[in-house]
Amino acid sequence: MAIAGLLYLAIVILVIASIWIVFTKAGKPGWACLIPIYNLIVMLEVAGKPWWWIFLFLIPIVQLVFIIMMFHGISTKFGKGVGFTIGLIFLGFVFFPILAFGDAKYNG
């Protein structure tokens, strides 16, 4: 039980650090990943999407479509393709670190 908790904590810390670095690469404040709702607004800015999409995230089912579009915007801004978008959607804890610690450059 303790090992599972430590593993979970390690994954959470890795994802937070990765999103922090992704924001920094995009010229946004890294600490923004720690603030609820504001982190989604910053992520929309990184993806090149309008900030008011945050309201669409409140509508069930519709939110899934717009989150996928936001992730695709992030992938394309970092020079990645549809396969990377699918990775961000299903394995974000693997693909955000790849985006953060890899050689991907932000093309915003």
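None of the values given here were measured: they were computed from a predicted structure.

Quick look at the environment of methionine 43
Mapped onto the elements of the fold, methionine 43 is located in helix α2 (residues 38-47). Residue classification places methionine 43 among the buried residues on the basis of a relative accessible area of 8%. Here the alpha-carbon distance between methionine 43 and valine 15, two residues 28 residues apart in the chain, equals 14 Å. Once residues within four sequence positions are removed from consideration, methionine 43 is found in contact with Ile19, Phe23, Met70, Phe71 and Ile74.

Here's the deal with the confidence of the model for the chain
Confidence in the prediction for the chain averages 97 pLDDT; 100% of positions are at 70 or higher. In the model of the chain, helix α3 (residues 53-56) stands out as the element of lowest mean pLDDT, 96, in contrast to helix α5 (residues 82-90), which has the highest, 98.

Thoughts on α2
Every buried residue of α2 is listed here: Val42, Met43, Leu44, Val46 and Ala47. Looking at the buried side of α2, the elements it contacts are α1 (2-25), α3 and α4 (62-77). Following α2 by one or two positions, glycine 48 adopts a phi angle in the positive range, close to 80°.

So, how was this worked out
- Residues numbered from 1 in each chain as written.
- Predicted model: local features only at pLDDT ≥ 70, side-chain atom pairs only at ≥ 80, totals over all residues.
- Heavy atoms only, no water.
- Helix = DSSP H or I, 4+ residues; strand = E, 2+ residues; numbered from the N terminus.
- Buried < 20%, exposed > 50% of the residue type's maximum accessible area, 1.4 Å probe, protein only.
- Contact = heavy atoms within 4.5 Å.
- pLDDT = per-residue confidence, 0-100.

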